[in-house]
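So you can see what is in the structure, the chains are spelled out below.
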Amino acid sequence: MSPERPIATAPRPAAPPLDVGRIRADFPILERRVHGKPLVYLDSAASAQKPRPVLDAMDRAYETSYANVHRGVHRLAEEATKAYEGARLRVARFLGAGDASEIVFVRGTTEGINLVARTYGARHLGPGDEVLLTGMEHHSNIVPWQFLCERKGGHLRVVPVLDDGTLDLEAYERLLGERTRIVAVSHVSNVLGTVNPIREIVAAAHRRGVPVLVDGAQAVPRMPVDVRALDCDFYVFSGHKAYGPTGIGALYGKASLLGAMPPWQGGGEMILSVTFEKSTFKPAPHRFEAGTPDIVGAIGLGAALDYLEGIGLEAIDAHERSLLARATEAIASIPRVRVLGTAPGKAGVLSFVVEGVHAHDVGTVLDLQGIAVRAGHHCAQPLMDRFGVPATARASFGLYNLPEEADALAEGLRKVIEVFGG
Ligand code: 7TS
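Attention in this report is confined to the structure presented alongside it. Here the residue numbers are simple positions, counted from 1 along each chain's written sequence. At least 70 in pLDDT is required for a residue's local features to be given in this predicted model, at least 80 for side-chain atom pairs to be given and counted, and no such filter applies to totals for whole chains, interfaces and linings, which use all residues. In computing side-chain properties, one takes all heavy atoms of the structure into account and sets aside hydrogens as well as water.

Points about the packing of helix H2 (residues 52–64) against helix H10 (residues 295–311)
For helices, the fitted line uses only the C-alpha atoms of the stretch in contact; every axis is such a line through C-alpha atoms, and the angle between N-to-C directions lies from 0 to 180 degrees. Think of it this way: any DSSP run of H or I at least four residues long counts as a helix, any run of E at least two long counts as a strand, and we number them from the N terminus. The interhelical angle for the contact between H2 and H10, taken along N-to-C directions, is 150°, at an axis separation of 8 Å. With respect to H10, the element H2 is oriented roughly antiparallel. When the axes of H2 and H10 are compared, the crossing they make is right-handed. Listed contacts from H10 to Pro53, Val54, Ala57, Met58, Ala61 and Tyr62 of H2 are Val296, Gly297, Ile299, Gly300, Ala303, Ala304 and Tyr307. Residue polarity follows a fixed list, in which Ala, Val, Leu, Ile, Met, Phe, Trp, Tyr, Cys and Pro are nonpolar, Asp, Glu, Lys and Arg are charged, and the others, Gly among them, are polar. Its residues assigned to classes, the contact of H2 with H10 comprises eleven nonpolar, two polar and no charged. Throughout, the term roughly parallel applies to angles under 35 degrees, roughly antiparallel to angles over 145, roughly perpendicular to angles from 65 to 115, and oblique to all others. By convention the crossing between two helices is left-handed if the near helix lies anticlockwise of the far one by an angle smaller than a right angle, and right-handed if it lies clockwise. The contact rule is simple, with two residues in contact once any of their heavy atoms fall within 4.5 Å.

Some points on the packing of aromatic side chains
The geometry of an aromatic ring pair is captured by the separation of the ring centres together with the interplanar angle, meaning the angle of the planes. Pairing of aromatic rings covers Phe, Tyr and Trp, the last counted by its six-membered ring, and requires centre-to-centre distances within 6.5 Å; plane angles under 30 degrees mean stacked, over 60 mean edge-to-face, and any other angle means tilted. Enumeration over the complete set of coordinates arrives at eight aromatic pairs. Relative to Tyr400, the ring of Phe27 lies with its centre 4.8 Å away and its plane at 80°, an arrangement referred to as edge-to-face. With Phe27 in the loop between helix H1 (20–24) and strand S1 (33–34) and Tyr400 in the loop between strand S17 (392–396) and helix H14 (403–419), this pair connects stretches of sequence that are 373 residues apart. As far as burial versus exposure is concerned, Phe27 and Tyr400 are alike and both buried. Relative to Tyr400, the ring of Tyr243 lies with its centre 5.6 Å away and its plane at 85°, an arrangement referred to as edge-to-face. With a gap of 157 residues between them, Tyr243 in the loop between strand S9 (234–238) and strand S10 (249–253) and Tyr400 in the loop between S17 and H14 connect regions that are remote in the sequence. Categorising residues by exposure relies on relative accessible area from a 1.4 Å probe, with only protein chains included: less than 20% of the type maximum marks a residue as buried, more than 50% marks it as exposed, and the intermediate range marks it as partly exposed. Judged by its relative accessible area of 0%, Tyr400 is buried.

Some words on the site of the ligand
Note on definitions. A residue lies near a molecule or strand when any single heavy atom of the residue is within 4 Å of it. Neighbouring the ligand are 15 residues, the closest being Thr110, Asp215, Lys241, Arg374 and Arg394. Here a polar contact is taken to be a pair of N or O atoms separated by no more than 3.5 Å, where protein atoms must pair a possible hydrogen donor with a possible acceptor and residues adjacent in sequence count only if both atoms sit in side chains. The separation between an oxygen atom of the ligand and a polar side-chain atom of Ser238 is 2.6 Å. At 2.4 Å from a nitrogen atom of the ligand is found a side-chain nitrogen or oxygen belonging to Arg374. When isolated, the ligand has an accessible area of 490 Å², and the protein chains bury 87% of it. Note on areas: these come from Shrake-Rupley sampling with a 1.4 Å probe, and a residue is covered only by the protein chains present in the view.

As for the pattern of salt bridges
Each reported salt bridge corresponds to a side-chain nitrogen of Lys or Arg within 4 Å of a carboxyl oxygen of Asp or Glu. Applying the stated criterion to the full structure yields 21 salt bridges. Put simply, Arg75 and Glu79 hold a salt bridge, and the shortest N to O gap is 2.9 Å. With Arg75 and Glu79 both in helix H3 (residues 75–95) and four residues apart, this pair spans about one turn of that helix. Using a relative accessible area of 59% as the deciding quantity, one classes Arg75 as exposed. The shortest N-O distance in the salt bridge between Glu85 and Arg88 comes to 2.7 Å. Placement of the pair is Glu85 and Arg88 together in helix H3, with a separation of three residues, close to one helical turn. Residue Glu85 is classed as partly exposed on the basis of its relative accessible area of 23%.

As for the nonpolar core
In this structure, Leu95, Val183, Tyr235 and Leu399 are the most contacted members of the largest nonpolar core, which totals 84 residues. A total of ten residues in this core trace back to one element, the largest contributor, which is H10. Residues contacting Val183, with those up to four places away along its chain left out, are Leu132, Tyr172, Leu176, Ile201, Ala205, Val210, Pro211, Val212 and Leu213. To define a nonpolar core, start from buried Ala, Val, Leu, Ile, Met, Phe, Trp, Tyr and Cys residues and group those joined through side-chain atoms within 4.5 Å.

Some thoughts on the sheet that holds S10
A strand pair is defined by DSSP finding two or more bridges across the two strands. Ordered in space as S4-S10-S9-S8-S7-S5-S6, the seven strands form an open sheet in which the pairing is mixed. Looking at the sheet topology across the chains shown, the edges are occupied by strand S4 (103–106) and strand S6 (155–159). For this sheet, the mean inter-axis angle between neighbouring strands, taken without regard to orientation, is 20°. Two elements, strand S5 (residues 130–134) and S6, share five bridges in a ladder whose sense is parallel.

Some thoughts on unusual backbone geometry
In this model, Ala284 is joined to Pro285 through a cis peptide bond whose omega is 5°. By the element assignment, Pro285 lies in the loop between strand S12 (279–281) and H10. Backbone geometry at Asp231 places phi at a positive 60°, although glycine is not the residue there. The topology assignment puts Asp231 in the loop between helix H8 (227–230) and S9. A positive phi is found at Cys379, a non-glycine position, where the angle reads about 55°. Looking at the element boundaries, Cys379 is found in the loop between strand S16 (374–376) and helix H13 (381–387).

Structure below.
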């Protein structure tokens with residue numbers, strides 16, 4: 001039995017267990033000690049650490065093939081352009097998109113959603129029209145739509161979250177109405193770990209002719225995603241949560257939609273021609289990428305997706321779920337600890353509150369033991385309100401976490417109870 005073998009049964013038995021020992025050797029930062037203790041990094045949902053192949057690909061690009069893209073005739077410019085466009089193709093394949101032109105490089109999930117709200121949204125939302133969200137959205141899938149509604153006289157409608165952290169799908173069907181112009185929903189909740197039934201959500205919206213944007217920030221790093229199988233209209237994610245660099249992410253949009261959307265930022269590289277009277281614009285995706293893009297970030301993202309696929313998304317999913325099951329079981333017996341989000345089939349995100357102790361204090365005591373978790377509202381204040389808590393502590397698992405680290409979380413929490421009075 002390998003030391004990584006999970007104690008709980010993984011839901012996808014076909015995936016072989018990960019060789020976590022080998023994987024960890026790819027992540028130099030995991031050798032760090034924090035407050036004299038070995039680092040236990042349980043904050044991958046905020047941002048994941050980076051493996052050597054990603055760091056190496058970026059170093060290599062800067063050291064050997066760096067120049068600006070799309071504009072030079074010289075050799076380095078050609079190589080950089082090829083690598084950048086190669087990364088676009090890589091993202092397209094990873095997401096199962098039909099064509100690389102359906103992939104727009106953006107800074108991350110936040111920018112991708114803002115782009116859709118400012119372009120597709122501005123064109124299709126009128127006074128009295130509605131944007132349908134859910135009660136578990138990250139602020140980045142709320143505020144851009146709020147801006148849009150304020151500008152256009154539209155309204156947000158919100159699908160309620162049930163007590164276990166699943167969406168009220170009956171309410172969803174009712175809320176999908178005559179005035180709904182777009183549905184925007186997270187694939188996986190960053191707080192509850194709920195995996196939303198995107199295919200059904202999309203099918204219901206499409207029956208009424210409404211397009212769906214999926215926030216895939218927490219799904220892409222941990223489960224296979226196929227945008228064509230989901231049939232979603234837009235899909236966004238961030239590179240930095242998927243073991244890639246910060247500052248880069250991608251927006252997938254169906255060619256028919258992207259092709260009809262106006263540009264949003266103006267500048268170099270997105271134009272066909274410019275006069276002082278009028279400018280014309282390139283087709284998608286370049287019309288949405290004004291200015292010099294994050295060239296090396298895109299290359300790093302491509303390397304991260306290679307890394308993820310090399311390990312296998314199904315195996316990563318199964319691994320994280322086994323860690324989640326182990327940690328959930330281990331903390332269940334600790335008094336005053338309550339888990340938020342118990343949806344069936346939830347992904348590797350574990351939010352909890354310790355009765356009588358603020359989440360920040362929980363996080364601080366864990367940090368002193370070398371355990372990194374996130375504490376706060378997780379940019380999901382409406383969801384905190386829904387559950388009547390100001391904040392939670394959240395452990396999130398990644399492909400490099402060990403079963404012992406799930407146990408360390410439970411031990412750390414026992415210490416929290418000790419410190420704050422059992
Ligand atoms: N959507 C979801 C579901 C997220 O979890 C996050 C970031 C975002 C959007 C925004 O991503 P960004 O890369 O554009 O910032 N979530 C978190 C988190 O849970 N803790 O820190 C960031």
